[in-house]
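Working through the structure, step by step
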Amino acid sequence: MSVFDLEQTIEITKLCCTPKKNWVVAAGIRSTGLTGSLGIGRHVTQLLKSVLPNPEPKKTIKTTPLPNVQELVAEYQFRGDGMVTIHGNLYRVTHPITIFGWEKQTGIAKI
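The rules we used
Residues numbered from 1 in each chain as written. Predicted model: local features only at pLDDT ≥ 70, side-chain atom pairs only at ≥ 80, totals over all residues. Heavy atoms only, no water. Helix = DSSP H or I, 4+ residues; strand = E, 2+ residues; numbered from the N terminus. Buried < 20%, exposed > 50% of the residue type's maximum accessible area, 1.4 Å probe, protein only. Contact = heavy atoms within 4.5 Å. Pairing = 2+ DSSP bridges. Axes fitted to C-alpha atoms, helices over the stretch in contact; angles between N-to-C directions. Parallel < 35°, antiparallel > 145°, perpendicular 65-115°, else oblique. Nonpolar A, V, L, I, M, F, W, Y, C, P; charged D, E, K, R; others polar. Core = buried A, V, L, I, M, F, W, Y, C linked by side-chain atoms within 4.5 Å.

So, on to the overall build of the protein chain. The helix and strand inventory of the protein chain stands at three helices and four strands. Along the protein chain, helices (α) and strands (β) appear in the sequence β-β-α-α-β-β-α when read from the amino end. Going through the 111 residues of the protein chain one by one, you find that 20% of them count as buried. Counting contacts in the protein chain only where the partners sit at least 6 residues apart, residues at least 24 apart contribute 36% of the total.

As structure tokens, this is what we get:
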């Protein structure tokens, strides 16, 4: 089975792998963004492990936790410019579902 045969296993329009560059592209995924990225990454990793001859041992990756969602929503509401601060950097909120939830303050975005 080649990496390209994996397209039939999951709903990904295109899955490309360039092992020499340690690069994988999974395209055409309908996702809500950040919330789906860890699960998608885990799924793609499992698919690649099944076709790569000798995958490298698991590496520990240092992650940076995101601030509390309610804090981000409060800042988003207070600023009024569509931006939030994460670890000292300003970011524009661009995902339509996130914007809708944060403006309406619904679900976990209730403050």
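Once that is clear, we can look at the pairing of strand E4 (residues 89-92). Relative to E4, strand E3 (residues 83-86) runs antiparallel, the two sharing four bridges. Following the sheet pairing, isoleucine 86 is matched in E4 by asparagine 89.

In this section: the packing of helix H2 (residues 69-79) against helix H3 (residues 96-104). Close contact between H2 and H3 brings their axes to 9 Å; oriented N to C, the two are set at 80 degrees. By the angle between their directions, the pair H2 and H3 is classed as roughly perpendicular. On H3, the residues touching Val69, Leu72, Val73, Tyr76 and Gln77 of H2 are Ile99, Trp102 and Glu103. Taken together, the residues of the contact of H2 with H3 sort by class into six nonpolar, one polar and one charged.

Before going further, it helps to spend a moment on the nonpolar core. Within the largest apolar cluster, seven residues are counted, these being Leu72, Val73, Tyr76, Val84, Ile86, Val93 and Trp102. Broken down by element, the residue count for this core peaks at three residues, all from H2.

Turning our eyes to something else, we now look at unusual backbone geometry. The backbone of histidine 87 sits at a positive phi, close to 50 degrees, despite the residue not being glycine. With respect to the secondary-structure elements, histidine 87 resides in the loop between E3 and E4.

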